[in-house]
Amino acid sequence: MEPQRDLPGFGNEPRESLTLWDYRRQVSDLYAAVRQMPAQASWDQWIAERSRLLRTHEQSPVPAVQRSTHEVLTFPYDPGVRIVATVAAVAERTVRLCHSDTGETPAHAFGSVAFTLGGVACSLTLFWLDDYGGGVFAPFRDLTNGTSTYGGGRYLLDTAKGADLGGSDGQVVLDFNFAYHPSCAFDPKWSCPLAPPENRLAVAVEAGERSS
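Residue indices follow the written sequence of each chain, beginning from 1 at its first position. The model is predicted, so local features are restricted to residues of pLDDT at least 70 and side-chain atom pairs to those at 80 or more, both for listing and for counting; the totals for chains, interfaces and linings are taken over all residues. With hydrogens and water excluded, all non-hydrogen atoms of the structure serve as input to the side-chain values.

K.L.:
Can you walk me through the confidence of the model for the chain in this structure?
P.N.:
Reading fine detail from the predicted coordinates is not recommended where pLDDT is low. A residue-level look at the chain finds 95% of positions with pLDDT of 70 or above and a mean pLDDT of 93. Values of pLDDT, which run from 0 to 100, indicate the predictor's confidence residue by residue. The contact definition used throughout considers only heavy atoms, calling two residues in contact when any of these lie within 4.5 Å. Ignoring residues within four places in sequence, the model shows residues 5-9, a span with pLDDT below 50, making five contacts including any to other chains.

K.L.:
Where do I start with the nonpolar core in this structure?
P.N.:
To form a nonpolar core, buried Ala, Val, Leu, Ile, Met, Phe, Trp, Tyr and Cys residues must be joined to one another through side-chain atoms within 4.5 Å. When a residue's accessible area, from a 1.4 Å probe over protein chains only, is under 20% of the maximum for its type it is buried; when over 50% it is exposed; and in between it is partly exposed. Counting residues in each nonpolar core, the largest one holds 54 residues, and the members touching the most others are W46, F115, L117, L156, L174, F176 and L201. With residues up to four places along the chain from it excluded, the contact list for L174 reads V81, R82, I83, A85, V113, F115, L156 and L157.

K.L.:
What should I look at first to understand the environment of A185 in this one?
P.N.:
Note that A185 resides in the loop between β8 (171-175) and β9 (209-210). Taking the C-alpha atoms as reference points, A185 and G151, 34 residues apart in sequence, are found 8.3 Å from one another. Strands are runs of DSSP state E lasting at least 2 residues, helices are runs of H or I lasting at least 4, and numbering of each runs from the N terminus.

K.L.:
It is not clear to me how unusual backbone geometry should be interpreted in this structure. Could you clarify?
P.N.:
Excluding glycine, most residues fall at negative phi; most peptide bonds, likewise, are trans. Between E13 and the following residue, P14, the backbone shows a cis peptide bond with an omega angle of 10°. Relative to the helices and strands, P14 is located in the segment before α1 (15-34).

K.L.:
Explain the environment of L18 to me, please; I cannot follow it from the model alone.
P.N.:
Along the chain, L18 turns up in helix α1. Distance in space between the C-alpha atoms of L18 and Q59 is 10.0 Å, their sequence separation being 41 residues.

K.L.:
Teacher, can you tell me more about the packing of α1 against helix α2 (residues 39-56) here?
P.N.:
For any two helices packed against each other, the geometry is given by the interaxial angle and the distance between the axes. Fitted lines through C-alpha atoms serve as axes, helices being fitted only where they are in contact, and the angles separating the N-to-C directions of these axes extend from 0 to 180 degrees. Where α1 contacts α2, the two axes come as close as 9 Å, and the packing angle between them is 170°. The angle between α1 and α2 falls in the class roughly antiparallel. Contacts between α1 and α2 involve Y23, Q26, V27, L30, Y31 and V34 on the former and, on the latter, S42, Q45, W46, E49, R50, R52, L53 and L54. Oblique is the label for any angle not under 35 degrees, not over 145, and not in the 65 to 115 range, which are roughly parallel, roughly antiparallel and roughly perpendicular in turn.

K.L.:
What am I meant to see in the pattern of salt bridges here?
P.N.:
Pairs can form between side chains of opposite charge once their charged atoms are near each other. Any carboxyl oxygen of Asp or Glu that lies within 4 Å of a side-chain nitrogen of Lys or Arg is treated as forming a salt bridge with it. Applying the stated criterion to the full structure yields nine salt bridges. Of the charged contacts, one joins R82 and D175 as a salt bridge, the two residues approaching to 4.0 Å between their closest N and O atoms. Separated by 93 residues along the polypeptide, R82 in strand β2 (residues 82-86) and D175 in strand β8 bring together distant segments of the chain. R154 is the partner of D142 in a salt bridge, and the nearest nitrogen-oxygen pair spans 3.3 Å. Residue D142 is found in the loop between β6 (136-140) and β7 (154-158), and its partner R154 is found in strand β7; the two are separated by 12 residues along the sequence.

K.L.:
Explain the sheet that holds β7 here, please?
P.N.:
Within a sheet, adjacent strands bond to each other through the backbone by hydrogen bonds, running parallel or antiparallel. Whether two strands pair comes down to DSSP finding at least two bridges between them. On the basis of which strands lie adjacent, the open sheet formed by five strands has the order β3-β4-β5-β6-β7 and antiparallel pairing. The strands lining the two open edges of the sheet, one partner per strand, are β3 (88-98) and β7. Mean inter-strand twist for the sheet, computed between neighbouring axes without regard to direction, equals 35°.

K.L.:
How should I be thinking about the packing of aromatic side chains in this particular structure?
P.N.:
How two aromatic rings sit relative to each other is set out by the distance from centre to centre and by the angle between their planes. Planes of paired rings set the category: under 30 degrees apart is stacked, over 60 is edge-to-face and the rest tilted, where pairs are Phe, Tyr or Trp rings (Trp by its six-membered ring) whose centres lie within 6.5 Å. For the structure on display, the rule yields six aromatic pairs. Aromatic side chains W43 and Y77 sit 5.2 Å apart centroid to centroid with 50° between the ring planes, which places their arrangement in the tilted category. Here the residue W43 occupies a position in helix α2, and Y77 occupies one in the loop between β1 (73-74) and β2, the gap between them amounting to 34 residues. You'll find W43 and Y77 in the same group, each marked buried. On the numbers, 5.7 Å between centres and 45° between planes, the contact of F115 with F176 is tilted. With F115 in strand β4 (residues 104-117) and F176 in the loop between β8 and β9, this residue pair connects regions lying 61 residues apart in the sequence. Each member of the pair, F115 as well as F176, is classed as buried. Counting every residue linked through ring pairs, the aromatic cluster contains F115, F140 and F176. Any Lys NZ or Arg CZ found within 6 Å of a ring centre and within 35 degrees of that ring's normal is scored as a charge over the ring. The ring of W21 has R25 sitting right over it, with the charged end atom 5.2 Å from the ring centre.

Next comes the structure, spelled out in structure tokens:
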């Protein structure tokens, strides 16, 4: 839920870093609030605040000329896609997550979650980012990509940037109603890490943010 900072193009300091800091703080505060709310009410709050940030914040990934009219489109809320999954151990391995443009993000696989969506058995690998100070990262692709959602997929969790739905005792909350587009879906100037082949789901996840 945060723009990927393009360091070579940076200027206008300290304002750039301060506004990015503020954006990250607001995202973290939003997820902290929704974790304490009933499921659908938390989703309503999330959409309202995501819409506000994308329309008004200086660090919004939406191009400045489009912000005032930008509309967050979503599929209807579906209580059936909120899952509390147990994290299973995997053989730890280092990966380099390819970006939408140039670049890679180093990470390592540390666990996996298995669940069912629309009657289809699915699984996602959870990654720990070795950049951004660490954090759990759960990107995914599904059969809506390139039609009703961004072709490169969406994100479920990115805890380094505040997108954290919670969990405890070896379990994690996966709520696909909160699936959202990476920054590169709004403007190709951003280069974002995308889901690897193992996180491609063989089902149309008609929940969360959509593009059409």
